[in-house]
Amino acid sequence: MADLHTSVVEKTITVGSAIQVSPKVRRITAPNAGPMTGPGTNTFLIGDDDVTVLDPGPAIDSHIDAIIEACDGKLNKIVVTHTHADHSPAAKLLKEKTGAQLFGSLLADDAHQDKSFVPDVTLTHLQQIPSDEYQLSALHTPGHVGNHFCFYLADDRMVFTGDHIMQGATVVIIPPSGDMADYIASLKLLLEYDIELLAPAHGHLMASAHEVVQQIIDHRLSREVKVITGLKRSPDSSLDTLMREVYADVDERLYRIAKLSLWAHLLKLEKEGRARKHAEQHWLYDDELWLYTGD
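A brief look at the structure comes next. The structure displayed is predicted, hence computed values, not measured ones.

**With respect to the side chain of asparagine 32**
And then number 1: Tracing the backbone through its elements, the reader meets asparagine 32 in the loop between strand 2 (25–29) and strand 3 (42–46).
And then number 2: Ignoring anything within four residues of it in the chain, the contact list for asparagine 32 reads Thr37, Gly40, Thr41, Pro58, Ile60 and Asp86.

What follows is the structure in structure tokens.
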């Protein structure tokens, strides 16, 4: 939604062929550009002789062929940040063609999951992806969804952010698996690492990583202040009522998506004891009413 991140390292994205973005990393961008994917899903190839493919993307034949060609018979591992349809479906087909081992985490189906993805190794927080060529570790970063992982490449001081951070837009938090409290905590986790570059699944590489992460945290917390202000102003606030106040700076055509993040803000405040529902209807029908209960 808002264009937050301006600290980009590059000016263009090359679609359809691998380009070098750091000493250890190449990138191929899938041809699936759109409103929710930006210029397309970025697939990253880590290493030269022992290649790990990160987020192989959608099951598009030309994209899969480009990955296989770029790996030149050296693909050994495939890791996914999460199992949405623009990130993981190519993994199954790549494994069938190359025998590469799959690393990832599953989530109970919420109608948005890639059911074809079955990991050989289920990721855990701080798990190392084995290689003698580079140091790649998995960081559990729930928020966008509960099974989201970022990956820290210590060699290049880079974090592959998947949909945890996207260049040029805020991330949609999708309850119930998505959780705003988890999201902010996961952002703060990244501040503990020696990171210079952020490599998102959608958009350009970003430098000054800590500044970008802190900017996102500040943006989310400032949005939360607007939610609290709206709740204080109206003792019986529906989501649609709050939308017009909290997201007054957002195009109304994006309200359907923004409502998910608004709901996530309210659920965070409820978890913290600062807000509560007093009408137990479904949010989709605009009759779930919320009260502010204090800090």
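**Digging into unusual backbone geometry**
Leaving glycine aside, a negative phi is the common case for residues, and trans is the common case for peptide bonds.
And then number 1: Omega for the bond connecting proline 175 with proline 176 falls within 30 degrees of zero, at 5 degrees, which places this linkage in the cis form.
And then number 2: The phi angle at leucine 126 is positive, at roughly 75 degrees, despite the residue not being glycine.
And then number 3: For leucine 126, a relative accessible area of 46% gives the class partly exposed.
And then number 4: Even without a glycine there, the phi angle at arginine 157 is positive, about 50 degrees.
And then number 5: Along the chain, the position of arginine 157 falls in the loop between strand 10 (149–153) and strand 11 (158–162).
And then number 6: For arginine 157, a relative accessible area of 35% translates into the label partly exposed.

**What about the pairing of strand 4 (residues 51–54)?**
Moving residue by residue along a regular strand, the side chains alternate between the two faces of the sheet.
And then number 1: In strand 4, alternate side chains face the same way, and those of Val51 and Val53 on one face and Thr52 and Leu54 on the other are all buried.
And then number 2: Where strand 3 lies against strand 4, three bridges are found, and the strand directions are antiparallel. Among the inter-strand pairings, leucine 45 is bridged to a residue of strand 4, identified as valine 53.
And then number 3: Pairing geometry for strand 4 and strand 5 (residues 75–79), over four bridges, is parallel. Across the sheet, the residue bridging to valine 53 is isoleucine 78, located in strand 5.
And then number 4: Crossover handedness for the path strand 4 to helix 1 (residues 61–71) to strand 5: right-handed.

**What about helix 5 (residues 239–246)?**
Think of an α-helix as 3.6 residues a turn; residues three or four steps apart then line up on the same face.
And then number 1: Inspection of helix 5 places Leu239, Leu242, Met243 and Val246 among the buried residues, and these make up the whole buried set. In a view along the axis of helix 5, the buried residues occupy a sector of 110 degrees, so they form one face of it.
And then number 2: On the buried face of helix 5, the contacting elements are helix 4 (209–233), strand 13 (237–238), helix 6 (255–271) and strand 15 (289–292).

**Observations concerning the packing of aromatic side chains**
And then number 1: Counted by the stated rule, this structure contains two aromatic pairs.
And then number 2: With a centroid separation of 5.2 Å and an interplanar angle of 65 degrees, the aromatic rings of tyrosine 152 and tyrosine 193 are classed as edge-to-face. Here tyrosine 152 is found in strand 10, whereas its partner tyrosine 193 is found in the loop between helix 3 (180–190) and strand 12 (197–200), with 41 residues between them in sequence. Here tyrosine 152 matches tyrosine 193 in class, with each residue buried.

**Notes on the sheet that holds strand 11**
And then number 1: Taken in spatial order, the five strands make up an open sheet running 8-9-10-11-12, and their pairing is mixed. Only two strands of the sheet have a single partner each, and these edge strands are strand 8 (128–129) and strand 12.

**Re the pattern of salt bridges**
And then number 1: Summed over all chains, the structure comprises 15 salt bridges.
And then number 2: Notably, a salt bridge pairs arginine 223 with aspartate 249, separated by 2.9 Å at the nearest N-O pair. Of the two residues, arginine 223 sits in helix 4 while aspartate 249 sits in the loop between helix 5 and helix 6, which places them 26 residues apart along the sequence.
And then number 3: Given a relative accessible area of 6%, arginine 223 falls into the buried group.
And then number 4: Close ionic contact of glutamate 272 with lysine 268 constitutes a salt bridge, the shortest N to O distance being 2.7 Å.
And then number 5: For glutamate 272, a relative accessible area of 40% puts it in the partly exposed group.

**Looking at the nonpolar core**
And then number 1: Counting residues in hydrophobic clusters, the biggest one holds 24 residues, and the most contacted among them are Ile165, Ile195 and Leu198.
And then number 2: Breaking this core down by element, the ones donating at least two residues are strand 10, helix 3 and helix 4.
And then number 3: Among the elements that line this core, the one with the most residues is helix 3, at six residues.
And then number 4: Setting aside anything within four residues of it in sequence, one finds isoleucine 195 in contact with Tyr152, Arg157, Val159, Leu190, Ala209 and His210.
And then number 5: Membership of the second largest hydrophobic core comes to 22 residues, among which are Val25, Phe44, Ile46 and Val79.

**Quick look at the pairing of strand 10**
And then number 1: Taken across its five residues, strand 10 has five buried, putting it largely inside the fold.
And then number 2: Between strand 10 and strand 11, which pair antiparallel and follow one another directly, the connecting turn spans four residues, one of which, arginine 157, has a positive phi of 50 degrees.

Conventions adopted
- Residues numbered from 1 in each chain as written.
- Predicted model: local features only at pLDDT ≥ 70, side-chain atom pairs only at ≥ 80, totals over all residues.
- Heavy atoms only, no water.
- Helix = DSSP H or I, 4+ residues; strand = E, 2+ residues; numbered from the N terminus.
- Contact = heavy atoms within 4.5 Å.
- Buried < 20%, exposed > 50% of the residue type's maximum accessible area, 1.4 Å probe, protein only.
- Pairing = 2+ DSSP bridges.
- Right-handed = clockwise from strand over helix to strand, strands pointing away.
- Arc of directions from axis to C-beta.
- Phe/Tyr/Trp six-rings, centres within 6.5 Å; stacked < 30°, edge-to-face > 60°.
- Salt bridge = Lys/Arg side-chain N within 4 Å of Asp/Glu carboxyl O.
- Core = buried A, V, L, I, M, F, W, Y, C linked by side-chain atoms within 4.5 Å.

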